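The primary structure of each chain is shown beneath.
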Amino acid sequence: GGQYVFARRVFGDYAGFVVGWMDWISTCASIAAISIVIGESLVSVFSLSHDLASPIAMAIVAAFTILLMRGTKLGDNAQRLTSLAKTVALLVLVGACFIFGKRAHVDPAATGSTTHAAAASGFVAFLLAAQSVIYTYDGWSGPIYFSEELDDPGKQIPRSMFYSLALVAVIYLLINLAFVYAVPLGSFAGSSLAAGTVAHAIFGAAGELLVRVVVIVSLPSAVNACLLMASRTLYSMSRDGLAVGPATR
């Protein structure tokens, strides 16, 4: 049940009800948002009609839902494989930056203006940057959603959380170092997608294709994980009488 279990245990049914439903709804919204990004990327890579992005996104959610309904073992294997694919894709991107970064060419027109950043106070700039960093590590508490399904949760949950935090930190720092190595820092000013800026500087027009492929490979793990977590939250709340009875099945 994730965060819901802790909120209810500490603060009672009302807090548990609010936290549980908000967690479930926001996780379902994340599933939709992530799937739409995958759909848009697939449409771009294969030059399909933009109208197909949403149907593709719905098909992705349906496919993972059917897969997870076939059993926890299959869901576990799917999460392992998709997480591995994400890690490999990001490390390939890092490697490409370090290998081809020296040949990168950044158009001066794409450098962007830093006046708006300079006008902002250091504290405001820190808060804006922290939002992205926090989102990078969001999901660190994911293992608590599966406490009842683990053989030794007392050991497995802390180990999973801290090992994953360390791995995410390494990958995140490597990506930042690779990007700064590949192109001048000023080129990121005004850029809405740092990876796109770097890829375009290194590979030109083919850079966008590289970024889209990385997105397609790396995001399915998030869809699978969010479906796993959302279903456990609704199940736990329903079992305690704070959601809908049929969800216990």
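The structure under discussion appears in the preceding block.
Residues numbered from 1 in each chain as written. Predicted model: local features only at pLDDT ≥ 70, side-chain atom pairs only at ≥ 80, totals over all residues. Heavy atoms only, no water.

A. Structural view of the overall build of the chain. Helix and strand counts for the chain stand at 10 helices and 0 strands. Going from the N terminus to the C terminus, the chain shows its helices and strands as α-α-α-α-α-α-α-α-α-α. Along the first, second and third principal axes, the C-alpha atoms of the chain reach 60 × 45 × 35 Å. Per-residue burial over the chain gives 32% buried out of 249 residues. A fraction of 69% describes how many contacts in the chain between residues 6 or more apart in sequence connect residues 24 or more apart. Carbon and sulfur atoms form 69% of the exposed surface of the chain, whose accessible area is close to 14800 Å². (Helix = DSSP H or I, 4+ residues; strand = E, 2+ residues; numbered from the N terminus. Buried < 20%, exposed > 50% of the residue type's maximum accessible area, 1.4 Å probe, protein only. Contact = heavy atoms within 4.5 Å. Areas by Shrake-Rupley, 256 points an atom, 1.4 Å probe, with all protein chains shown as cover.)

B. Just the environment of I38, in detail. As for its placement among the helices and strands, I38 is situated in helix α2 (residues 13-45). Classification of I38 by relative accessible area gives buried; the value is 3%. The spacing of I38 and T87 is 49 residues in sequence and 17 Å in space, taken between C-alpha atoms. Apart from residues lying up to four places away in sequence, I38 is in contact with I60, L219, P220 and V223.

C. Inspection of the packing of aromatic side chains at higher detail. As enumerated under the stated definition, the model contains 7 aromatic pairs in all. Each ring, one from F98 and one from Y181, has its centre 5.2 Å from the other, and the planes form 45 degrees; the classification is tilted. Taken together, the residues span a long stretch of sequence, with F98 in helix α4 (residues 72-100) and Y181 in helix α7 (residues 153-182) at a distance of 83 residues. Residue classification places Y181 among the partly exposed positions, given a relative accessible area of 35%. (Phe/Tyr/Trp six-rings, centres within 6.5 Å; stacked < 30°, edge-to-face > 60°.)

D. Geometry of the layout of surface pockets. Here the second largest pocket defines a volume of roughly 870 Å³. Lining the second largest pocket are 34 residues; nearest its centre among them are E149, L228, S231, R232 and Y235. Every element with two or more residues in the lining of the second largest pocket is listed here: α1 (3-11), α2, α3 (53-69) and α10 (220-239). Per-element tally for the lining of the second largest pocket: the top contributor is α10, with 9 residues. The class makeup of the residues in the lining of the second largest pocket is 17 nonpolar, 9 polar and 8 charged. (1 Å grid on protein atoms, 1.4 Å probe; cavity = no way out; pocket = protein on both sides within 12 Å on 5 of 7 lines; lining within 4 Å. Points joined across faces, edges and corners; volume = space filled by probe spheres on them. Nonpolar A, V, L, I, M, F, W, Y, C, P; charged D, E, K, R; others polar.)

Nothing here speaks to function; it is all geometry.
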